[in-house]
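The primary structure of each chain is shown beneath.
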Amino acid sequence: MRIHVTFIDRVGITQEVLALLGARNLNLDAVEMIPPNVYIDAPTLSQEVLDELHDALMNVRGVQAVELVDILPGQRRRLQLDALLAAMRDPVLAVDPAGRVLLANPTLIELYGREPAGLPLSELFDDPQLAQTLIDKGFRLPMCEVSFRGQALLLDATPISGGADSSYLAGGLLTLYPPSRIGEHLASLHHDHAEGLDALLGRSAVLKQLKIRLRKVASLDAPLLIQGETGTGKELVARACHALSARRDAPFLALNCAALPESLAESELFGYAAGAFTGAQRGGKPGLLELADHGTVFLDEVGEMSPYLQAKLLRFLSDGCFRRIGGDREVRVDVRVLCATHRDLERMVSEGAFREDLYYRLNVLNLTVPPLRERGQDIILLAEHFLRQACAQIQRPPCRLSPATYPLLLGNRWAGNVRQLQNVIFRAAAICESEVIDCDSLELAGTALADAQPQDDALQVTSLEEAVQSFEKSLLERLYSLYPSTRQLAARLRTSHTAIGQRLRKYGIGPRAAQQ
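Calculation rules
Residues numbered from 1 in each chain as written. Predicted model: local features only at pLDDT ≥ 70, side-chain atom pairs only at ≥ 80, totals over all residues. Heavy atoms only, no water. pLDDT = per-residue confidence, 0-100. Contact = heavy atoms within 4.5 Å. Helix = DSSP H or I, 4+ residues; strand = E, 2+ residues; numbered from the N terminus. Buried < 20%, exposed > 50% of the residue type's maximum accessible area, 1.4 Å probe, protein only. Polar contact = N/O pair within 3.5 Å; in protein donor to acceptor, adjacent residues only side chain to side chain. Arc of directions from axis to C-beta. Expected span 1.5 Å × (residues − 1). Axes fitted to C-alpha atoms, helices over the stretch in contact; angles between N-to-C directions. Parallel < 35°, antiparallel > 145°, perpendicular 65-115°, else oblique. Left-handed = near helix turned anticlockwise from the far one by under 90°. Nonpolar A, V, L, I, M, F, W, Y, C, P; charged D, E, K, R; others polar.

## What to know about the confidence of the model for the protein
Fine structural detail should not be taken from predicted coordinates in areas where pLDDT scores are low.
Here is step 1 of the chain: Considering every residue of the protein, the mean pLDDT works out to 83; 88% of them sit at 70 or more.
Here is step 2 of the chain: Note on residues 445–459: pLDDT is under 50 here. Beyond four places in sequence and across chains, it has 11 contacts.

Listed below in structure tokens is the structure:
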């Protein structure tokens, strides 16, 4: 039986309650004093003894209630702690200030082979100096690689403080991670995109073709080369490929080969061993290939990779093995490599700027992401999507695009593709104070038409009327392939189908014109 005694807190009342229990020489399993409460675990009490004890406790001055409960608070906390530890996927153990194990979760017990409670840390880890280092540093160490039962793991140490001012060191909490687990954490931190094909917004024919091909190559566990102009969304395509593959539950980690110098890119991709160079992290550091084990590594702008890194990457693609910088042991991982570039790798190979053997290793499967100017109706769809995003980001009331902006958006060549469109829309949302964004707010009126044609052609225009007709013809030719009837095209441009029919005949656009 478990008894809960509630009392008014006064000097000496806890001693009186304990003396009353001691005088009866009861068989008690536990007594918890949490003023103004006393919890008693007495499993063998008979009903007669319980009734007598109840009356005796109620006669103590200040006792308000005596009732039966299902469980003591300490027992509940222990059950909750056990459940919490059992739910943790990674090995965890708590130690006292001297480095002796107090408790461990089931994952660590399984990894170690038996219950380690009471053992010193020096018996658990292969490095005998690690335990003393942890104690000397007050369990404050940067994450480092350790050997546990012959297995290379990453150790994260956190001090446990106690006392009124939290200055007393009560021990430490140690968590062991496989390198791939850190990769999963990094992936979840950096992943802010929609999953799979949902991230690729658009309904144009070229985008539909890309999605169909993407579904096919995603299921094939082989290297993939993604080509396309800057800003077309090659990383989104790579993430969608990962999300559609059998590796979707493992990490997706990315490296921009153009953003880092050779030495730093090598250390990020392959990692380094302990003492590899001055300032190296104690215990070494795993690279993205290790962190993404069983997952996917995306190498953006692979055409910018140095010849040395090209050779090292080629070796990894050949046998799945590599060595960390300064390391002397082979590391084998199971990683799918996806690459992207805006450069013509085939021409670079012919010019000797990119390894031919690496090119064919990377180009087992390939995708080409279409430029924004070829996606027609997707431009307006994306612009409206980016506008909703921008309004939410800068916390302004929702606004919309004026239909008058559509010809400017559709007529611009978008050299920076989707990224440029997103920037233009964000800028417009930031500077426009009205609910409707017009042409002036887009800041395209002075640049879009110039970008739509070569500069030399613009100089040859003899009149404003000629320029307007040239733009009108170009726009109708582009949209007619997407809306191949006068009624569809009229609805798209928000005008009458009679007016559209007249203009199509004027410029010789459409099947009837071809027959004449």
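Next comes the rest of the description.
## Comments concerning the side chain of Arg247
Here is step 1 of the chain: In this structure, Arg247 sits in the loop between α8 (234–244) and β11 (252–256).
Here is step 2 of the chain: Since its relative accessible area comes to 9%, Arg247 is described here as buried.
Here is step 3 of the chain: For Arg247, the side chain forms a polar contact with the main-chain oxygen of Gly295, separated by 3.2 Å.
Here is step 4 of the chain: With residues near it in sequence (within four places) discarded, Arg247 still touches Asp221, His242, His294, Gly295, Thr296, Asp334, Val335 and Arg336.

## Brief notes about the environment of Glu304
Here is step 1 of the chain: For Glu304, the location among the structural elements is in the loop between β14 (296–300) and α11 (307–319).
Here is step 2 of the chain: Residue classification places Glu304 among the partly exposed residues on the basis of a relative accessible area of 33%.
Here is step 3 of the chain: Ignoring anything within four residues of it in the chain, the contact list for Glu304 reads Cys257, Ala258, His342 and Arg343.

## Here we look at helix α5 (residues 128–136)
Here is step 1 of the chain: Taken together, the buried positions of α5 are Leu130, Ala131, Thr133 and Leu134. The buried residues of α5 occupy an angular sector of 165° when the element is viewed end-on, so they sit on one face. With respect to the buried face of α5, the exposed residues turned more than 90 degrees away are Pro128, Gln129 and Asp136.

## A short note on helix α7 (residues 205–218)
Here is step 1 of the chain: Between the first and last C-alpha of α7 there are 20 Å, a value that for 14 residues agrees with the 20 Å anticipated at 1.5 Å per step.
Here is step 2 of the chain: Residues Leu207, Leu210, Lys211, Leu214, Val217 and Ala218 constitute the buried set of α7. Seen along its axis, α7 keeps its buried residues to an arc of 130°; they face one direction. Across from the buried face of α7, at angles greater than 90 degrees, the exposed residues are Lys208, Gln209, Ile212, Arg215 and Lys216.

## With respect to the packing of helix α21 (residues 486–493) against helix α22 (residues 497–507)
Here is step 1 of the chain: One can describe the packing of α21 onto α22 by two numbers: an axis separation of 8 Å at closest approach and a directional angle of 110°. What the angle tells us is that α21 and α22 run roughly perpendicular. For the element pair α21 and α22, the recorded crossing hand is right-handed. Here Thr486, Arg487, Leu489, Ala490 and Leu493 of α21 come into contact with α22, specifically with His497, Ile500, Gly501 and Leu504.
Here is step 2 of the chain: A per-class count over the contact of α21 with α22 returns five nonpolar, three polar and one charged.

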